[in-house]
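Fold and contact review
Take a look at the letters that make up each chain.
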Amino acid sequence: MYEKKILLVDDKATIGKVASIYLGKDYDVMYLENPIKAIDWLNEGNVPDLIISDIRMPLMRGDEFLRYMKTNELFKSIPIVMLSSEESTTERIKLLEEGAEDYILKPFNPLELKIRIKKIID
């Protein structure tokens, strides 16, 4: 059993698979394909040590999910790493100001993602 749990929220199943393979060696990884399912999972009493969320998703965008999490008393202390396929300094700054712990560009190097996560939760 792993000590730390990571929730990965991304509408692309391939990102979920790649991240789960690399991170699953060191962490308990839960993959969900959208923020609505993630909120339901969290409200069931599940509390991850870290959340990784894509920004561009249907149903609810990742930035909306970040705002929801950071304004919810139960969840605001959970660190969130945002993933994006767009290199936007403005967006990165905005998300970091809103409480994101980090902002990583896709496609990402799995080893870099693992190192950044380790610095946040270990």
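Per chain, residue numbering runs from 1 following the sequence as it is written. In view of the model being predicted, local features appear only for residues whose pLDDT reaches at least 70, and side-chain atom pairs are presented and counted only at 80 or more, with totals across whole chains, interfaces and linings using the full set of residues. The basis for every side-chain value is the complete set of non-hydrogen atoms in the structure, without hydrogens or water.

**What about helix α2 (residues 35-43)?**
Along an α-helix, residues three or four positions apart point the same way, because every turn accommodates 3.6 residues. Definition in use: Under the scheme applied here, a residue whose accessible area is under 20% of the maximum for its type counts as buried, over 50% as exposed, and between as partly exposed, the area being computed with a 1.4 Å probe on protein chains only. Helix and strand definitions follow DSSP, with helices as H or I runs of at least four residues and strands as E runs of at least two, each counted in order from the N terminus. This arc is taken over the directions from the axis of the helix to the C-beta atoms. The contact criterion used throughout is that any non-hydrogen atoms of two residues lie within 4.5 Å. What qualifies as a polar contact is a pair of N or O atoms within 3.5 Å, subject to a donor-acceptor requirement within protein and to the restriction that residues adjacent in sequence count only when both atoms come from side chains.
Residues Pro 35, Ala 38, Ile 39, Trp 41 and Leu 42 constitute the buried set of α2. Buried residues of α2 fall within an arc of 160° about the axis and therefore sit on the same side. Elements in contact with the buried residues of α2: β1 (5-9), β2 (28-32), β3 (50-54) and α3 (62-71). A distance of 2.9 Å separates the backbone nitrogen of Ile 36 from a side-chain oxygen at the start of α2, and that oxygen is part of Asn 34. Backbone geometry just after α2 places Gly 45 at a positive phi near 105°.

**Notes on the packing of aromatic side chains**
This is how the line gets drawn: Working definition: rings of Phe, Tyr and Trp (its six-membered ring) pair if their centres are within 6.5 Å, and the pair is stacked with planes under 30 degrees apart, edge-to-face with planes over 60 apart, and tilted otherwise. The rule is short: NZ of Lys or CZ of Arg within 6 Å of the ring centre and within 35 degrees of the ring normal puts a charge over the ring.
Summed over all chains, the structure comprises 0 aromatic pairs. Across the ring face of Tyr 22, the terminal group of Lys 25 is positioned such that the distance to the ring centre comes to 5.6 Å.

**Observations regarding the sheet that holds β1**
Convention followed: DSSP bridges decide pairing: two strands pair if at least two such bridges lie between them. Axis lines are fitted to C-alpha atoms, over the contacting stretch for helices. Their N-to-C directions set the angle, which ranges from 0 to 180 degrees.
Pairing within the open sheet is parallel, and its 5 strands lie in the order β2-β1-β3-β4-β5. Taken across any chain shown, the strands that pair with only one partner, and hence form the sheet edges, are β2 and β5 (102-105). On average, adjacent strands in this sheet sit at an angle of 20° to one another, irrespective of strand direction. Of the pairings in the sheet, the one linking strand β4 (residues 80-84) to β5 comprises 4 bridges and is parallel in character. Residue pairing across strands places Leu 83 opposite Ile 104, the latter belonging to β5. On top of the sheet, helix α1 (residues 13-23) reaches β1, β2, β3 and β4; it is set at about 175° to β2, its chief contact. Helix α4 (residues 89-97) contacts β4 and β5 of the sheet and is inclined by roughly 150° relative to β5.

**Quick notes on the pairing of β2**
The pairing of β1 with β2 spans 5 bridges and is classified as parallel. For Lys 5, the partnering residue across the bridge sits in β2 and is Asp 28.

**Examining unusual backbone geometry**
Following Lys 106, the chain continues into Pro 107 via a peptide bond in cis, with omega recorded as -5°. For Pro 107, the position within the fold is in the loop between β5 and α5 (110-121). Unlike most non-glycine residues, Leu 59 shows phi in positive territory, near 75°. Among the secondary structure elements, Leu 59 is positioned in the loop between β3 and α3.

**Overview of the UniProt feature "modified residue: 4-aspartylphosphate" (unreviewed entry) in the protein**
Condition: UniProt positions are given in the numbering used here, feature names are shortened, and annotations may be inferred rather than shown by experiment.
According to UniProt, the positions carrying the feature "modified residue: 4-aspartylphosphate" (unreviewed entry) are Asp 54. Taking the relative accessible area as the measure of exposure, Asp 54 reaches 3% and is therefore buried. Contact partners of Asp 54, with chain neighbours within four places excluded, come to Val 9, Asp 10, Asp 11, Gly 62, Met 82, Leu 83, Ser 84 and Lys 106.

**Things to note about the packing of α2 against α3**
To describe two helices that pack against each other, one gives the angle between their axes and the distance between the axes. This is how it is decided: Here roughly perpendicular refers to angles of 65 to 115 degrees, roughly parallel to angles under 35, roughly antiparallel to angles over 145, and oblique to all remaining angles. Here a crossing is taken to be left-handed if its near helix is turned anticlockwise relative to the far helix by less than a right angle, and right-handed if that turn runs clockwise. In this classification, Asp, Glu, Lys and Arg are treated as charged, Ala, Val, Leu, Ile, Met, Phe, Trp, Tyr, Cys and Pro as nonpolar, and every other residue, Gly included, as polar.
For the pair α2 and α3, the least separation of the axes is 10 Å and the interaxial angle reads 20°. Classified by the interaxial angle, the pair formed by α2 and α3 is roughly parallel. As for the relative orientation of α2 and α3, their crossing is right-handed in sense. Counted together, Pro 35, Ala 38, Ile 39, Leu 42 and Asn 43 of α2 and Phe 65, Tyr 68 and Met 69 of α3 form the full contact between these two elements. Taken together, the residues of the contact of α2 with α3 sort by class into 7 nonpolar, 1 polar and no charged.

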